[in-house]
Amino acid sequence: MRAASSPACLSPLLLCLCVLQRSYGTPSPPSPTFTHNQTKLPDGDKDSHHRPKRGWIWNQFFVLEEHIGPEPQYVGKLHSNSDKGDGSVQYLLSGEGAGTIFIINELTGDIHAKKSLDREKKSHYVLHARAIDRFTNRAVEPESEFIIKVQDVNDNAPKFPDGLFSASVPEMADIGTSVFQITATDGDDPTYGNSAKIVYSILQGQPFFTVDPKTGVIRTALPNMDRETREMYSVIIQAKDMAGSVGGLSGSTTVNISLTDVNDNPPRFPQKNYQLYVPESAEVGKAVGKIKANDEDLGVNAEMTYRITNEEGAAMFSISTDSDKREGIISLRKPLDYEKKKAYSLNIEGVNTHLDPRFSYLGPFKDTTTLKLIIGDVDEPPVFTMDYYIMDVYENAPAGTEVAMVTAQDPDSTRSKVRYSIDQNAEGDALFSVDVDSGLVTTTRSLDREEVAWHNITVMASEIDNPNLVSYVPVTVQVLDVNDNAPYIATDSALVVCEGSKAGQVIQIIRATDKDNFANGRFTFALPEDLPTNPNFTLKDNEDSSVSVLARRQGFSQAEQELYQLPVVVWDGGEPLLSSTSTLTLRVCPCQRGARTPVCRAQAFLSSAGLSTGALIAILLCVLILLAIVVLFVTLRSKKSKKEPLIISAEDIRENVVTYDDEGGGEEDTEAFDIAALRNPEAAEEMRIRKDLRSEVWRAMGTEALSPSLTLPDEDIHEVIKLKVVEADRDMSGPPYDSLQTYAYEGRGSLSGSISSLDLPELQSELDLSEVDNWGPEVQILSRVFQEKGQQHTP
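No experiment lies behind these values; they were computed from the predicted model shown. Sequence order sets the numbering: in each chain, residues are counted from 1 along the sequence as written. For this predicted model, a pLDDT threshold of at least 70 governs which residues receive local features, and a threshold of 80 or more governs which side-chain atom pairs are given and counted, while totals over whole chains, interfaces and linings are taken from all residues. As a rule here, side-chain values cover all heavy atoms of the structure and leave hydrogens and water aside.

Draft legend 1. Up close: the overall build of the protein. Comment: elements are numbered from the N terminus, with helices defined as DSSP H or I runs of at least four residues and strands as E runs of at least two. Helices and strands together make up the secondary structure of the protein, namely 6 helices and 37 strands. The long-range share in the protein, meaning contacts at least 24 apart out of those at least 6 apart in sequence, stands at 67%. A total accessible area of about 48500 Å² is found for the protein, and carbon and sulfur atoms account for 53% of it. Contacts are residue-level and defined by heavy atoms, with any inter-residue pair within 4.5 Å sufficient. Note on areas: these come from Shrake-Rupley sampling with a 1.4 Å probe, and a residue is covered only by the protein chains present in the view.

Here is the structure:
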């Protein structure tokens, strides 16, 4: 844009802002717009015509970016209509970049950019312009604001994001399938010109892929792109600005595109015929070989299963799939025998498990091949004709008895001779032997069925030419029974006969026992013929190997006879006929009522031990007496412990206190304490005399068990006890602790009177024993005992 040169621009009433634009041959931008401002005149100046002046006329200034000329780039010019050209008006510039980027000629108002500008860093600058009188520094024009815009030039090439781009697309995809979208950016102004208008093109990757020039979307350009033929593609995409025209800037990037796998290839066996050697000694269930079909696909698209299609091969062999290596594992179903069949042919088929119907037209996704298995001959151990043998021999047979024969043969074509032996580690090797050449098993000693009925042995067979090849076969020998044990009746317990049994009543059913086999027939029972007829019991054969014991009479009594013996003869049904006699014990007792089987009451069992009813009662009485003695002993011990003083000291001299638990306890109860001490000295003396009298009476009776009656004066000891209490309280010489003193006092006023011997009125010197006979038999016995003791003491 250049400054306007029309007469209107030079009118003295207007301040014209002329913008000079160097466009280097480019068309000028549109003319700037003008704004009208009323400008104030300097103070003192008056317009005689009162015409308003036209102030600043503003527009945007434009400056090209990236200016590389030697001189500063001209931006525009400021001019005031007050400027007469005499240099009196001074133009000033302030704002963004003023003085550093933009400079102004203060006399002419020309604005220049002294630095190269970059629109991408800053697109415009805001500045302020003033016009002042150079001499008075007064404003000729008011300060106004204007903008300098940096005009864009194509100085930025399109850029792609940093990084390596990768994409994928399924193989055999249709033409135009979208693969990837790539986008470039341009730093130029997209609103001005074509500097930022980008067009995409493909530099490398044709004819396989195309790119949309506007959107940058990469698409497939060829059909049936096969991953198995080529998997990776490097595509170079270019982005060019200026809408792709000549002179535009460009940038490029690389996109690596890979084809993903689809199931478009069937499995294929490398060969149509295979051959495999398998020894006949191969174990059943073990793998004998492997086979593999190739599939050019990957992952699940290459997975397959194998199967044997012919019946003969499927009966002898099985095939499974190894998911990792995709191999077919062939295993043995049944044992191989070279002598029976020397080769097998297997028809094997491999089929993909994941099919894609889009590619079914490519043919069946399976393949077949033939595998021939050659069976190799191996020297095998001998083979017994049976897997196990069951033999039998009678018991009691002499040593060397033949039992049976085992047979083994060499399965190989050589037919080597076989030798037999018994495994020494097995059971029964000491009871049997086997012939080395024939395999005949014989006994080494007599056998007893009742000890061991079955014997297990193991017979070994080995080839003479190769003794290391050994076969084993189990042999079970059953010992057959012969009738060599007589039957018998177990007599461990006695039979119960109730006292109320009636004639013909069944006492009990008896069964016999025989160690021999039950095949010897049923048992028969009878009473011995050489003994007289038993009057008490008889037998009834039930014909089922049992016998019933019957009572012949009634009225059995335990008191009369408790035990009975009944001999019984039992025969078996074997050959020869064997018998034995067993004696049954029958016990008579009163039976419990309501019991299903006869059961003696408890007293009956006690009496069987030889104890009568009287003896039992006597035993019970003795037990009760012993218990009473123990209780009495414990009671006396407890009373004695109560009478012992709490503190025993040599210095503690006190009166003895006796506690009476009953009245009339006898003279022995007062031996430890003289009651006369509670009364007075005269009474004590009188008590001493009375004691002497009692001793004479006891000597007259011959024993000290009977104490005479003494009569004591009727003195009230109640007051005496009170005095003793006062004396005890005032006694300061006693030990420094409290003590308990108990004085027995019966008191007065009893209707029955005292029964104590202390109050007897007089002493009887003699006892009349003639009245003892009237006191009963117990007292008479006691009287005789006393008389005899008295005679012994009489000189």
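Draft legend 2. Layout of unusual backbone geometry. For the bond running from Gln206 to Pro207, omega is 5°, close enough to zero to count as cis. Positionally, Pro207 belongs in the loop between strand S10 (199–204) and strand S11 (209–211). With a phi angle near 65°, Asn396 is a residue other than glycine that sits in the positive phi range. Secondary-structure assignment places Asn396 in the loop between strand S23 (389–394) and strand S24 (402–405).

Draft legend 3. Region of the structure containing the state of the cysteines. Here, two cysteine sulfur atoms that lie within 2.5 Å of each other are counted as a disulfide. All told, the structure shown has 2 disulfides when counted by the stated rule. Each sulfur in the disulfide pair Cys498 and Cys591 lies 2.0 Å from the other. Given an S-S torsion of about -105°, the disulfide between Cys498 and Cys591 has left-handed geometry. Of this pair, Cys498 sits in strand S31 (residues 495–498) while Cys591 sits in the loop between strand S37 (579–589) and helix H2 (602–607); the two residues are 93 residues apart in sequence, bridging distant segments of the chain. For the exposure calls, accessible area comes from a 1.4 Å probe over protein chains only, and a residue counts as buried if that area is under 20% of its type's maximum, exposed if over 50%, partly exposed in between. On the basis of relative accessibility, which here comes to 14%, the residue Cys591 falls in the buried class. In this model, Cys589 is linked to Cys600 through a disulfide, with the two sulfur atoms separated by 1.6 Å. What sets the handedness of the Cys589 and Cys600 disulfide is the S-S torsion sign, and at about -75° it is left-handed. One end of the pair, Cys589, is in strand S37; the other, Cys600, is in the loop between S37 and H2, and 11 residues separate them in sequence.

Draft legend 4. Layout of the confidence of the model for the protein. On average, residues of the protein score 77 in pLDDT, and 72% of them are at 70 or above. Residue-level confidence of the predictor is what pLDDT reports, using numbers from 0 through 100. Counting contacts from residues 646–655, a segment whose pLDDT is below 50, to residues more than four positions away or on other chains yields 8 contacts. Of the regions scoring below 50 in pLDDT, residues 688–714 engages in 60 contacts with residues more than four places distant in sequence or in other chains.

Draft legend 5. The nonpolar core, seen in detail. In this structure, Phe384, Met391, Val406, Tyr420, Phe432, Val459 and Val475 are the most contacted members of the largest nonpolar core, which totals 23 residues. Counting only elements with at least two residues in this core, the list comes to S23, strand S26 (418–422), strand S27 (432–434), strand S29 (454–463) and strand S30 (470–480). If one sorts the elements of this core by residue count, S30 sits on top with 4 residues. Sequence-distant contacts of Val475, defined by excluding residues within four places in its chain, comprise Tyr389, Met391, Val406, His455, Asn456, Ile457 and Val459. Definition of nonpolar core: a set of buried residues of the types Ala, Val, Leu, Ile, Met, Phe, Trp, Tyr and Cys, connected through side-chain atoms within 4.5 Å. Counting 22 residues, the second largest nonpolar core, distinct from the first, contains Phe165, Ile198, Ile218 and Leu259.

Draft legend 6. Focus on the sheet that holds strand S2 (residues 73–77). Strands are labelled as partners when DSSP assigns at least two bridges between them. With respect to topology, 3 strands assemble into an open sheet ordered S2-S5-S4, the strand pairing being antiparallel. Pairing within the sheet leaves two strands with one partner each, and these edge strands are S2 and strand S4 (102–104). Here the strands of the sheet are splayed against their neighbours by 25° on average, with no regard to which way each runs. Across 3 bridges, the pairing between S4 and strand S5 (residues 110–113) is antiparallel. Of the residues in S5, the one forming a bridge with Ile104 is Ile111. Note on method: axes are straight lines fitted to C-alpha atoms, helices fitted across the in-contact stretch only, with angles between N-to-C directions ranging 0 to 180 degrees.

Draft legend 7. Here's a closer look at the pattern of salt bridges. The rule for a salt bridge is simple: a side-chain nitrogen of Lys or Arg has to be within 4 Å of a carboxyl oxygen of Asp or Glu. Per the stated rule, a full pass over the model turns up 12 salt bridges. Measuring nitrogen to oxygen at the nearest pair gives 2.9 Å for the salt bridge that ties Arg307 to Glu349. Of this pair, Arg307 sits in strand S17 (residues 304–308) while Glu349 is found in strand S20 (residues 343–352), placing the two residues 42 residues apart along the sequence. On the basis of relative accessibility, which here comes to 8%, the residue Glu349 falls in the buried class. Shared partners join several salt bridges into a network, and the residues in it are Arg227, Glu228 and Asp261.

Draft legend 8. Spotlight on the packing of aromatic side chains. In summary, the pairing rule links any two rings of Phe, Tyr or Trp, Trp by its six-membered ring, whose centres are within 6.5 Å, and it sorts them by plane angle into stacked for under 30 degrees, edge-to-face for over 60 and tilted for everything else. Scanning the entire structure with this criterion turns up 12 aromatic pairs. Aromatic pair Phe61 and Phe146: ring centres 5.2 Å apart, planes at 65°, arrangement edge-to-face. You can see Phe61 sitting in strand S1 (residues 61–64) and its partner Phe146 sitting in strand S7 (residues 139–151), a full 85 residues away along the chain. Classification of Phe146 by relative accessible area gives buried; the value is 3%. For the ring pair Phe165 and Phe180, a centre distance of 6.0 Å and an interplane angle of 50° mean the geometry is tilted. Remark: Phe180 occurs in strand S9 (residues 178–181) and Phe165 occurs in strand S8 (residues 165–170); sequence separation between them is 15 residues. For Phe180, a relative accessible area of 23% puts it in the partly exposed group.

Draft legend 9. Quick peek at the environment of His124. Inspection of the secondary structure assignment puts His124 in strand S6 (residues 124–133). Of the residues examined, His124 reaches a relative accessible area of 36% and is grouped as partly exposed. Considering only alpha carbons, one finds His124 and Gln151, 27 residues apart in sequence, at a separation of 8.8 Å. In this structure His124 touches Glu96, Ile147, Ile148, Lys149 and Val150, once residues within four positions along its chain are discounted. Contacts described as polar in this section are N or O atom pairs within 3.5 Å, which, within protein, must combine one atom able to donate a hydrogen with one able to accept it, while residues neighboring in sequence count only if both atoms come from side chains. At 3.3 Å, the side chain of His124 forms a polar contact with the side chain of Ser123.

Draft legend 10. Geometry of the side chain of Thr442. With respect to the helices and strands, Thr442 occurs in strand S28 (residues 440–443). Overall, Thr442 belongs to the buried group, its relative accessible area being 16%.

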